[in-house]
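Secondary and tertiary structure notes
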Amino acid sequence: MKQDVSAMILAAGRGRRMGDMTNHTPKPLIKVNGKSLIEWQIERLVSAGVTNIVINVAYLAELIVDEVGFGEPWGITICYLYEPLDAYDTGGGIARALPWLSDPFIVVNADVMTDYDFSHLIHYSQAMKSLAHLILVPNPKHNLKGDFCLDGQSNIIDKTDKIGQSYTYTGISVCRKSLFANVYVGEKVSLPSIWQSFIEQKAISGEVYHANWCDVGTPERWQEVSNGY
């Protein structure tokens with residue numbers, strides 16, 4: 001029987017690389033062609049069948065809550081976890097959210113623009129054997145060295161063990177709750193650091209997505225996606 005898969009949107013960052021654009025606007029609310037970055041994510045998740053979304057918020061949190069609301073326009077449920085700024089990092093923030101998430105669950109950064117179809121992750125999660133499955137892309141010009149490589153069985157491997165082409169992590173993944181078994185609530189830890197020991201055990205898988213994706217991390221990249229969507 002198909003299981004409902006929930007999602008967590010990571011939206012607690014300060015967005016310092018955006019300069020003055022985030023002085024009074026949290027990065028997830030920056031608009032691309034009239035729609036906020038986080039709204040693009042929500043719509044794509046909803047179109048894939050996600051009905052429960054958890055969002056962690058910190059910087060200018062109330063602005064995000066006020067604009068996004070609690071899911072009524074999409075017929076879904078959205079709940080928020082408030083964080084002190086820079087308190088938990090990505091992995092620690094997810095660990096706090098586990099009671100409100102399915103197992104497995106989708107994770108997506110609020111500040112990416114992509115055409116990726118999240119229904120692929122929902123389908124993958126139904127028979128998921130790895131602890132996390134990461135969506136990768138060919139390296140963009142701002143990250144030419146990449147983040148990870150893949151072996152012949154679609155396992156994520158470190159660049160230091162490089163066999164072939166390296167790829168960049170998109171900020172999109174599906175994770176099992178057991179990935180966070182050794183993370184205590186309140187700990188400050190990044191998601192990549194949690195993956196690390198499991199990468200060595202070949203328990204983190206991945207796939208390469210060859211279509212539109214951008215990490216909207218700078219004003220220049222925001223301009224690029226604004227011209228392209």
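See above for the structure.
Bear in mind that the values here come from a model prediction, so they are computed numbers and not experimental data. (Residues numbered from 1 in each chain as written. Predicted model: local features only at pLDDT ≥ 70, side-chain atom pairs only at ≥ 80, totals over all residues. Heavy atoms only, no water.)

Time to look at unusual backbone geometry. The omega angle of the peptide bond from Asp103 to Pro104 is 5°, so this bond is cis rather than trans. Within the secondary structure, Pro104 is located in the loop between helix H3 (89–97) and strand E6 (105–109). Even without a glycine there, the phi angle at Leu60 is positive, about 50°. Summarising the element assignment, Leu60 is placed in the loop between strand E4 (52–57) and helix H2 (61–68). (Helix = DSSP H or I, 4+ residues; strand = E, 2+ residues; numbered from the N terminus.)

Let's shift gears to the layout of surface pockets. In this model, the largest pocket occupies a volume close to 960 Å³. The set of elements that each furnish at least two residues to the lining of the largest pocket consists of strand E1 (7–11), H3, strand E11 (166–175), helix H5 (191–200) and strand E13 (213–215). Here the element with the most residues in the lining of the largest pocket is E11; it accounts for 4 residues. Broken down by class, the residue content of the lining of the largest pocket amounts to 14 nonpolar, 11 polar and 11 charged. Of the pockets and cavities examined, the second largest pocket occupies roughly 210 Å³. Lining the second largest pocket are 13 residues, and of these Trp213, Cys214, Arg221, Glu224 and Val225 lie nearest its centre. Taken together, the elements giving at least two residues each to the lining of the second largest pocket come down to E13 and helix H6 (219–228). (1 Å grid on protein atoms, 1.4 Å probe; cavity = no way out; pocket = protein on both sides within 12 Å on 5 of 7 lines; lining within 4 Å. Points joined across faces, edges and corners; volume = space filled by probe spheres on them. Nonpolar A, V, L, I, M, F, W, Y, C, P; charged D, E, K, R; others polar.)

Another aspect to go through is the packing of aromatic side chains. The full count for this structure, using the stated rule, is 6 aromatic pairs. Where Phe148 meets Trp195, the ring centres are 6.0 Å apart and the plane angle is 70°; that geometry is what we call edge-to-face. Of this pair, Phe148 sits in strand E9 (residues 148–150) while Trp195 sits in helix H5, and the two are 47 residues apart along the sequence. As far as the burial class goes, Phe148 and Trp195 line up, both buried. Feature note: the residues Tyr116, Phe118 and Tyr209 constitute an aromatic cluster, connected by ring pairs. Taking the ring centre of Tyr59 as reference, the NZ or CZ of Arg14 above it sits at 4.2 Å. In this structure, Lys35 packs its charged tip against the face of Trp40, placed 4.2 Å from the ring centre. (Phe/Tyr/Trp six-rings, centres within 6.5 Å; stacked < 30°, edge-to-face > 60°. Buried < 20%, exposed > 50% of the residue type's maximum accessible area, 1.4 Å probe, protein only. Lys NZ or Arg CZ within 6 Å of the ring centre and 35° of its normal.)

This part covers the pattern of salt bridges. Applying the stated criterion across every chain yields a total of 9 salt bridges. The residue Arg16 makes a salt bridge to Asp86 at a minimum N-O spacing of 3.4 Å. Taken together, the residues Arg16 in the loop between E1 and strand E2 (31–32) and Asp86 in the loop between strand E5 (77–82) and H3 connect sequence positions 70 residues apart. When its relative accessible area of 43% is taken as the criterion, Asp86 is described as partly exposed. Lys141 is the partner of Glu224 in a salt bridge, and the nearest nitrogen-oxygen pair spans 3.4 Å. You can see Glu224 sitting in helix H6 and its partner Lys141 sitting in the loop between strand E8 (132–138) and E9, a full 83 residues away along the chain. Its relative accessible area of 69% is what places Lys141 among the exposed residues. (Salt bridge = Lys/Arg side-chain N within 4 Å of Asp/Glu carboxyl O.)

Purely spatial values, then, with no claim about function.
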